[in-house]
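Each chain is listed here by its residues.
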Amino acid sequence: KQEVTQIPAALSVPEGENLVLNCSFTDSAIYNLQWFRQDPGKGLTSLLLIQSSQREQTSGRLNASLDKSSGRSTLYIAASQPGDSATYLCAVTGGSQGNLIFGKGTKLSVKP
Amino acid sequence: DGGITQSPKYLFRKEGQNVTLSCEQNLNHDAMYWYRQDPGQGLRLIYYSQIVNDFQKGDIAEGYSVSREKKESFPLTVTSAQKNPTAFYLCASSIPGLYEQYFGPGTRLTVT
């Protein structure tokens, strides 16, 4: 059964710092991997989608990488800002039905 | 604007009552999903539907029911058989085959 783990569970950094969030999964047979952002009490906002054939995706200050063989993905945030404070969730699509399997998230706090 | 709407944002019910959560999308997506989120937990799949008039159980379907009579709508009923219904409920949709999911703003259900 696919399991997704995110480390660390919480992270606090000063503004302007570059940071990396980690995601690992146990079964490398995935269709894609999605990174989401969730603000308190809100729904999920899709940040980046990496197809299984891709190695990375970039959007603005965000860069996500995927290493299927080792079951790992990283989300790199450059020049962090207080507005980046949120919980970041990683999810993989493993089955033919397109169902997402989520990690528990990393709660990021960027201090001014 | 295209998107997913969930109503209401907050819902309060007494134990023993059934309650229905609304999810509507105007993205013309065929697939729709219901997830449950508890504090400190990842999202868990309740039910999903790939096409109108068809749906499948997810990992935690016990105590829940759904219908899919229209492409745009996928309501979730939380029945009195659900042992611990208090949670944050999120609806999502996607284009089958692409598997990138888009989420609504969520409904927070409190049962006392």
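Report on the accompanying structure. (Residues numbered from 1 in each chain as written. Chains lettered and ligands numbered in written order. Predicted model: local features only at pLDDT ≥ 70, side-chain atom pairs only at ≥ 80, totals over all residues. Heavy atoms only, no water.)

## Comments concerning unusual backbone geometry
Of note, the bond from A:Ile7 into A:Pro8 is cis; its omega dihedral lies within 30 degrees of zero at 0°. Relative to the helices and strands, A:Pro8 resides in the loop between strand S1 (4–7) and strand S2 (10–14). B:Pro8 follows B:Ser7 through a cis peptide bond whose omega is -10°. Position of B:Pro8 among the secondary structure elements: in the loop between strand S1 (4–7) and strand S2 (10–13). Here the phi dihedral of B:Asn28 falls at roughly 65°; this positive angle occurs in a residue that is not glycine. Relative to the helices and strands, B:Asn28 resides in the loop between strand S3 (19–25) and strand S4 (31–37). Despite not being glycine, B:Asn53 has its phi angle at roughly 70°, a positive value. The exposure class assigned to B:Asn53 is exposed, which follows from its relative accessible area of 62%. (Helix = DSSP H or I, 4+ residues; strand = E, 2+ residues; numbered from the N terminus. Buried < 20%, exposed > 50% of the residue type's maximum accessible area, 1.4 Å probe, protein only.)

## A few points about the sheet that holds S3(B)
Adjacent strands of a sheet pair through backbone hydrogen bonds, lying either parallel or antiparallel. Residues and elements named next belong to chain B. Pairing within the open sheet is antiparallel, and its four strands lie in the order S1-S3-S8-S7. Two strands in the sheet have a free side with no partner beyond their single neighbour: S1 and strand S7 (64–66). When strand polarity is set aside, the average angle formed by the axes of neighbouring strands in this sheet is 20°. The sheet contact formed by S7 and strand S8 (residues 76–78) spans three bridges and is antiparallel. Considered in S8, the bridge of Val 66 is made with Leu 76. (Pairing = 2+ DSSP bridges. Axes fitted to C-alpha atoms, helices over the stretch in contact; angles between N-to-C directions.)

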